[in-house]
Amino acid sequence: MPILNPNATLIFVRNRLRAGLVDPARYTDSDLLNLVNEAYLDACEQTLCLQSLHTITTVAEQAEYALPADFSALIRVVSAGQELSLLPLQDSLQGLTNLQPSYYLYGSKIGLVPTPTVNSSGEALLLYAAAPPLLTSFEDDLDGRFPSEFSDVLVHYVRWRTQLLSGGAERLASASADRGTYDLRIKQLRRRYESVVQTGAPYVRHISDRRQVLS
Amino acid sequence: MTLTVTTETIDYINAAQIRVAADSGLLEKKDTLTLVGGEDSLLLPDEVVKIRALYANGVALTEVSPVTYMRLVTGSPITVTNTQLVSNFANIGRSLYFWPTHGPDDITLTAIYTYRPEPIDSDSTLELTGMGEHLVEQLSGAYFLLDDGQPELAGGELANYFSQVNRLRGRQDRRIGGSGVLRQAGRRRPPN
């Protein structure tokens, strides 16, 4: 029996899509790759699975700092042992005093309120979700933080989109099935990254109850 | 009768076995990781799905949430030379972060974790056996049906798969024990 080498993840995704339902006459490999990138981005944004930690070294009298280049969504900000709360943009630049430590976001910037002083400068930690890198070919690897066992979400998303565009009652039913499977897998992936925010029995019970609701 | 095994078949089996291993937690191993002196984080091997337990110098480290870790680091930015004082870790992305920061000696950690199996490159033996092997067969069959345009049949296979894999995962989770914050869902706290 010959030794057969398995295909890399994205090549397998392409092969599954080409297995019957995604017509190569209508969708070239380039089109398919664009759709896979769309699926990859959607899955990462919905689940916040590409989590990273970023350190901001605060400087006295400097309020605003650049966000990481791959920034997609902010999860938590902590400074001096305290979690910062989000400040609405309309309040952020008013110079309000006596506010609890907060932050605001716009564009590629994060601002800290109150502005760090000589006495308060140090570090702030950002827990954020990164945007996935753009895939340039099917030989590329998925980001290491994206669990390989969830690569099937790419198949279901692309198949859903292409079947929907193709039309016809049978294809619409198939598209609906793929959409349902995609949503289910996204929910499972998102649940993996939901964690206890703070240690303590009430929060353990909270997670336990939420799992019962979601299962 | 000669069975023809194609690369396509191998791919389906590999995809299924990785998912079964991750969903069920059936594959567990004990291995060592090294936290380099002066560093406060290490990158997990690709095969790791979830850390079950982590020990340093024979003492169990406590897993904390990412936010708790961030509070500790920014609120108590201490560095210790005694490696036995490194007591907490958090899993963020593919990295483990430790507190307090230590230096300059390396720390050898013993980790028990669930892992993804190596991809097979022939029709050789799967790492998953028994019920796990059956689930691989079921899941790869479901993938075939989905790609063949038979979502109804595939749905039946997948429903059965979810039912069985949830049961297996529950059984694996109950073996963790302990009274830490990450006690698994459904386990009651013993009366004081």
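This one's a predicted model, so the numbers in the text were calculated from it and none came from an experiment.

It is worth spelling out the overall build of chain A at this point. Across its full length, chain A carries 6 helices and 8 strands. Taken from N to C terminus, the helices and strands of chain A fall in the order α-α-β-β-β-β-β-α-β-β-β-α-α-α. For chain A, the proportion of its 215 residues judged to be buried stands at 42%. Relative to all contacts within chain A whose residues are 6 or more apart in sequence, the contacts with residues 24 or more apart total 72%. For chain A, the accessible area works out to roughly 10700 Å², and carbon and sulfur atoms hold 51% of it.

Now for the pairing of strand β7 (residues 109-113) of chain A. Residue and element names in this part refer to chain A. Of all the 5 residues making up β7, 4 are buried; the element is thus mostly covered by neighbouring parts of the structure. Pairing of strand β2 (residues 64-66) with β7 involves 3 bridges; the strand directions are antiparallel. When the sheet's bridge partners are listed, Y65 is paired in β7 with I110. Pairing of strand β6 (residues 102-106) with β7 involves 5 bridges; the strand directions are antiparallel. The residue of β7 that forms the bridge with Y106 is K109. Two successive antiparallel strands, β6 and β7, enclose a turn made up of 2 residues, where G107 displays a positive phi of approximately 55°.

This part is about the confidence of the model for chain A. Per-residue confidence for chain A averages 83 on the pLDDT scale, and 82% of its residues sit at or above 70. Overall, residues 196-215 of chain A carries pLDDT values under 50, and its contacts beyond four positions in sequence, including any with other chains, amount to 29 contacts.

Here we have 4 strands laid out as an open sheet, ordered β1-β8-β3-β4 (chain A), and antiparallel in their pairing. The two strands at the open ends of the sheet, each matched to only one other strand, are β1 (51-57) and β4 (82-83) of chain A. Alignment of β1(A) against strand β8 (residues 123-130) of chain A, held across 7 bridges, turns out to be antiparallel. Residue pairing across strands places A:L53 opposite A:L127, the latter belonging to β8(A). Packed on one face of the sheet, helix α2 (residues 66-75) of chain B meets β1, β3 (71-79), β4 and β8 of chain A and runs near 50° to β3(A).

Now for the environment of B:G93. Relative to the helices and strands, B:G93 resides in the loop between β7 (88-92) and β8 (95-99). Counting along the chain gives 50 residues from B:G93 to B:L43, while the straight-line C-alpha distance between them is 9.2 Å. With near-sequence residues (within four places) excluded, B:G93 lies in contact with A:Q51 and A:R145.

Attention shifts here to the environment of A:P88. You can see A:P88 is positioned in the loop between β5 (85-86) and α3 (89-92). We classify A:P88 as partly exposed; its relative accessible area is 41%.

All names here are of chain A. Note that S151 resides in the loop between β8 and α4 (152-166). When its relative accessible area of 10% is taken as the criterion, S151 is described as buried. Aside from chain neighbours lying at most four places away, what touches S151 is T9, V13, L142 and F146.

Residues and elements named next belong to chain A. In this structure, L17, V36, I110, F146 and L154 are the most contacted members of the largest nonpolar core, which totals 45 residues. Of all the secondary-structure elements, those providing two or more residues to this core are α1 (9-18), α2 (29-47), β3, β7, β8, α4 and α5 (169-193). Among the elements that line this core, the one with the most residues is α2, at 8 residues.

Turning our attention to the pattern of salt bridges. Here the structure, examined in full by the defined rule, presents 17 salt bridges over all chains. Residue B:D147 pairs with A:R16 through a salt bridge whose shortest N-O separation is 2.7 Å. Separated into two different chains, B:D147 in helix α3 (residues 131-147) and A:R16 in helix α1 make up a pair that spans both. Summarising the burial analysis for this pair, B:D147 and A:R16 share the class buried.

Our focus in this paragraph is the packing of α1(A) against helix α1 (residues 7-24) of chain B. Remark: α1(A) packs on α1(B), axes separated minimally by 11 Å, with the N-to-C direction vectors making an angle of 115°. On the basis of the axis angle, α1(A) is roughly perpendicular to α1(B). For the crossing formed where α1(A) meets α1(B), the hand is left-handed. Between α1(A) and α1(B), the residues in contact are A:F12, A:N15 and A:R16 and B:D11, B:Y12 and B:A15, respectively.

Definitions and cut-offs
Residues numbered from 1 in each chain as written. Chains lettered and ligands numbered in written order. Predicted model: local features only at pLDDT ≥ 70, side-chain atom pairs only at ≥ 80, totals over all residues. Heavy atoms only, no water. Helix = DSSP H or I, 4+ residues; strand = E, 2+ residues; numbered from the N terminus. Buried < 20%, exposed > 50% of the residue type's maximum accessible area, 1.4 Å probe, protein only. Contact = heavy atoms within 4.5 Å. Areas by Shrake-Rupley, 256 points an atom, 1.4 Å probe, with all protein chains shown as cover. Pairing = 2+ DSSP bridges. pLDDT = per-residue confidence, 0-100. Axes fitted to C-alpha atoms, helices over the stretch in contact; angles between N-to-C directions. Core = buried A, V, L, I, M, F, W, Y, C linked by side-chain atoms within 4.5 Å. Salt bridge = Lys/Arg side-chain N within 4 Å of Asp/Glu carboxyl O. Parallel < 35°, antiparallel > 145°, perpendicular 65-115°, else oblique. Left-handed = near helix turned anticlockwise from the far one by under 90°.

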